[in-house]
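# Examining the three-dimensional arrangement
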Amino acid sequence: MALGSTIGVGLFLGSASAIQIAGPSILLGYLLAGIVAFIVLRALGEMAVHEPVAGSFAAYANTYVGPLAGYMVGWGYWTYWIVVGIAEVTAVGIYMGIWFPDIPQWIWALSSIVMMGLINLIAVKVFGEFEFWFALIKVVAIVAMIALGGAVILFGFTNDWQPLGLSNLWQHGGFFPNGIGGMLLSLQMVLFAYVGIEMIGLSAGEAENPQKTIPMAIDSLAWRILIFYLGAILVILAIFPWNEVGQQGSPFVVMFERIGLREAAGLINFVVITAALSSCNAGIFSGGRLLYALAQNGYAPSPLAKLSQYGVPHRAVIMTVAVCMSGVVLNYFVPDKAFQYIMAAVTFVGLMVWIAILFTQMQFRRSLSPAQIAGLGYRAPWWPYSSWFALAFIFLVVVLMGMHEDARMALILGPCLLGVYLLMFYIVGLHRKTANRREFKS
């Protein structure tokens, strides 16, 4: 699920905007962001293997930092999946616009949310079946695209057998056509592609043998993601100049049209639509379960903790879908800018979760004796330098978001949202104190 939810809008659509800003140097951005994502995963894996629990990093934040941290991380991660769902259905609207340009973008967004919501309300096994096939389609498609693109670059397939080579990486303004600053400004879009990889930690409490399966999954997932992202973007940038990658539609579709495979381009458009629906499906599933867990712990209204006869937290799912409907409003009023706004919001919330994971790991380490640290079965490499490097990188990206017009709004709305959650925490706390006093008196 972590692989399926991560390979979605960030690769198929978000890469177009990032390429426009950074040019070929976007490859360096994906590499740096991939290293940081791996550090975050290893930090989470260190705690998950030592103490596999349901709730993952929200539970660790509650234990090693405090109840407020656990509460904020839980609600923050729910917000993240809400915004992911909105981003994905926005992408569906953009993709469908290639086939049906006369139909408004918001109609496709609304239809997608309703369809994915109904799938999540039926039964868990139905969700699993859809997610399995969705993820399989896009993973197989990416592998096929990289292989076909490699044939074009190395052997000249569909180009009269004249190999294209890699000259497009430096012929149009150089590897850094917009300077180092262009690559830096693209980092918030690049990190958007990787945020969601930490979802693997949610399975720690249910894994049959977490001491073995969690390290294996984290280590293999990291290099697979890097291959998919770097390989796919390298193929695109090598086949045609970076400045010809438009911001409307998927660069993968444009790539196949460019080399004369229009039928394949239509197929790829179908693939990227299923990829977006897959991530939306996972977002509603995760958001519903997170809200259900928050309600169980008393951090959300208690009616949301009720299960349907099929074992689905239907009220929490309905609430998650209802909030996702705000994305339809964005697609109605600002269809041209909706994706950039939502992508910035996803990145900000996701980065806050990453910061929480790294900070929690530091507190976790401080709680252990030297002997316990030496006995950890799965340790983060180069600690504490790796964690400090990742934190510095993330804070740099947050600062850079303030320099990007479309991302600046997320820096304003993000802290406001955190303030609302903070207020909610103290309201819940006061309510609990009052309830405890009443119970004590009785």
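Everything quoted here is computed from the prediction, not taken from an experiment.

## Structural notes on the overall build of the chain
Scanning the chain from N- to C-terminus turns up 19 helices and 0 strands. For the chain, long-range pairs separated by at least 24 residues make up 80% of all intrachain contacts whose partners lie at least 6 apart in sequence. Only carbon and sulfur atoms are counted for the fraction: they give 68% of the accessible area of the chain, which is about 18,700 Å².

## Some thoughts on the packing of helix α4 (residues 26–50) against helix α10 (residues 187–194)
For the pair α4 and α10, the least separation of the axes is 9 Å and the interaxial angle reads 50°. When the interaxial angle is binned, α4 and α10 end up oblique. As for how α4 packs across α10, the hand of that crossing is right-handed. Contacts between α4 and α10 involve I26, G29, Y30, A33, G34 and A37 on the former and, on the latter, L187, V190, L191, A193 and Y194. Residues belonging to the contact of α4 with α10 are distributed by class as follows: 9 nonpolar, 2 polar and no charged.

## Side note on the confidence of the model for the chain
Residues at a pLDDT of 70 or more form 81% of the chain, whose mean pLDDT is 79. The secondary-structure element of the chain with the lowest mean pLDDT is helix α1 (residues 2–6), recorded at 58, while helix α18 (residues 385–401) shows the highest, at 90. Low pLDDT, under 50, characterises residues 436–442; the stretch is placed with 0 contacts to residues that sit more than four places away or in other chains.

## Structural notes on unusual backbone geometry
In the segment running from W383 into P384, the intervening peptide bond is cis, with an omega of 5°. Looking at the secondary structure, you find P384 in the loop between α17 (370–374) and α18. With a phi angle near 55°, W382 is a residue other than glycine that sits in the positive phi range. Within the secondary structure, W382 is located in the loop between α17 and α18.

## So, a nonpolar patch on the surface
Where nonpolar side chains cluster on the molecular surface, the patch consists of I98, W99, F100, I103, I107, L267 and F270 and spans about 600 Å² of accessible area. Among the secondary structure elements, those contributing two or more residues to the nonpolar patch are α6 (67–99) and α13 (262–296). Checked against the element boundaries, I107 lands in helix α7 (residues 105–122).

## Some thoughts on the packing of aromatic side chains
Counted according to the given criterion, the structure contains 15 aromatic pairs. Between the aromatic rings of Y30 and Y194, the centroid separation amounts to 6.2 Å while the plane-to-plane angle is 65°, which identifies the pairing as edge-to-face. Here the residue Y30 occupies a position in helix α4, and Y194 occupies one in helix α10, the gap between them amounting to 164 residues. An aromatic cluster of three or more residues is present, and its members are Y71, W75, W78, Y421, F425 and Y426. The cationic tip of R365 hangs over the ring face of W383; the distance from NZ or CZ to the ring centre is 4.5 Å.

## Describing the pattern of salt bridges
Counted according to the given criterion, the structure contains 2 salt bridges. Salt-bridge contacts for R42 lead to D219; the nearest nitrogen and oxygen are separated by 3.5 Å. With R42 in helix α4 and D219 in helix α11 (residues 210–239), the pair connects residues that are 177 residues apart, well separated along the chain. Given a relative accessible area of 12%, R42 falls into the buried group. Here E46 makes a salt bridge to R365, at a shortest N to O gap of 2.8 Å. In this pair, E46 is assigned in helix α4 and R365 in helix α16 (residues 338–366), connecting sequence segments 319 residues apart.

## Observations regarding the side chain of S386
Mapped onto the elements of the fold, S386 is located in helix α18. Ignoring any residue separated from it by four or fewer positions in sequence, one finds S386 in contact with I39 and P381.

## Describing the nonpolar core
By size, the foremost hydrophobic cluster in this structure holds 126 residues, and its most contacted members are I26, W75, Y194 and W354. In terms of residues, this core owes the most to one element, α6, which gives 17 residues. Ignoring any residue separated from it by four or fewer positions in sequence, one finds W354 in contact with V36, A37, V40, L191, Y194, V195, I197, E198 and I394.

## Focus on the environment of V353
The residue V353 is located in helix α16 in this model. With 273 residues separating them in the primary sequence, V353 and Y80 have C-alpha atoms 8.7 Å apart. Look past the residues within four positions of V353 in its chain and what remains in contact with it is F57, G76 and Y77.

## A look at the packing of α10 against α18
Across the interface, α10 lies against α18 with an axial gap of 9 Å and an inter-helix angle of 125°. In terms of their interaxial angle, α10 and α18 are classed as oblique. Contacts between α10 and α18 involve L187, Q188 and L191 on the former and, on the latter, F393, V397, L400 and M401. Taken together, the residues that form the contact of α10 with α18 break down as 6 nonpolar, 1 polar and no charged.

## Quick look at helix α15 (residues 326–333)
Restricting attention to buried positions, one finds in α15 the residues G327, V328 and N331. Along the axis of α15, the buried positions cluster into a sector of 105°, meaning they face one direction only.

About the thresholds
Positions within a chain are numbered from 1, following the residues in the order the chain's sequence is written. Local features in this predicted model are restricted to residues of pLDDT 70 or higher, and side-chain atom pairs are both shown and tallied only at a pLDDT of 80 or more, whereas totals for entire chains, interfaces and linings draw on every residue. Calculated side-chain values reflect all of the structure's heavy atoms, with hydrogen atoms and water omitted. Helix numbering and strand numbering both begin at the N terminus, where a helix is a DSSP run of H or I of at least 4 residues and a strand a DSSP run of E of at least 2. By definition in these notes, contact holds between two residues if any of their heavy atoms fall within 4.5 Å. Accessible surface area values rest on a Shrake-Rupley calculation with a 1.4 Å probe, where residue burial reflects the displayed protein chains alone. Fitted lines through C-alpha atoms serve as axes, helices being fitted only where they are in contact, and the angles separating the N-to-C directions of these axes extend from 0 to 180 degrees. An angle below 35 degrees is read as roughly parallel, one above 145 as roughly antiparallel, one from 65 to 115 as roughly perpendicular, and any other as oblique. Helix crossings are classified by the rotation of the near helix relative to the far one: an anticlockwise turn of less than a right angle makes the crossing left-handed, while a clockwise turn makes it right-handed. Under this grouping Gly is polar, as are all residues other than the nonpolar Ala, Val, Leu, Ile, Met, Phe, Trp, Tyr, Cys and Pro and the charged Asp, Glu, Lys and Arg. pLDDT expresses how confident the predictor is about each individual residue, on a scale running from 0 to 100. Note on patches: the residues involved have over 30% relative accessible area and no salt bridge, like charges join within 9 Å, and the nonpolar side chains Val, Leu, Ile, Met, Phe, Trp and Tyr join within 5 Å. By convention in these notes, a salt bridge is any Lys or Arg side-chain nitrogen within 4 Å of a carboxyl oxygen on Asp or Glu. A pair of aromatic rings is counted whenever rings of Phe, Tyr or Trp (Trp by its six-membered ring) have centres within 6.5 Å, and the orientation is called stacked for planes under 30 degrees apart, edge-to-face for over 60 and tilted otherwise. We count a charge as sitting over a ring when the NZ of a lysine or the CZ of an arginine lies within 6 Å of the ring centre and within 35 degrees of the ring normal. Buried means the residue's accessible area, taken with a 1.4 Å probe over protein chains only, is under 20% of the maximum for its type, while exposed means over 50%, and partly exposed covers the values in between. Note on terminology: a nonpolar core comprises buried Ala, Val, Leu, Ile, Met, Phe, Trp, Tyr and Cys residues joined through side-chain atoms within 4.5 Å. The directions from the helix axis to the C-beta atoms form the arc being described.

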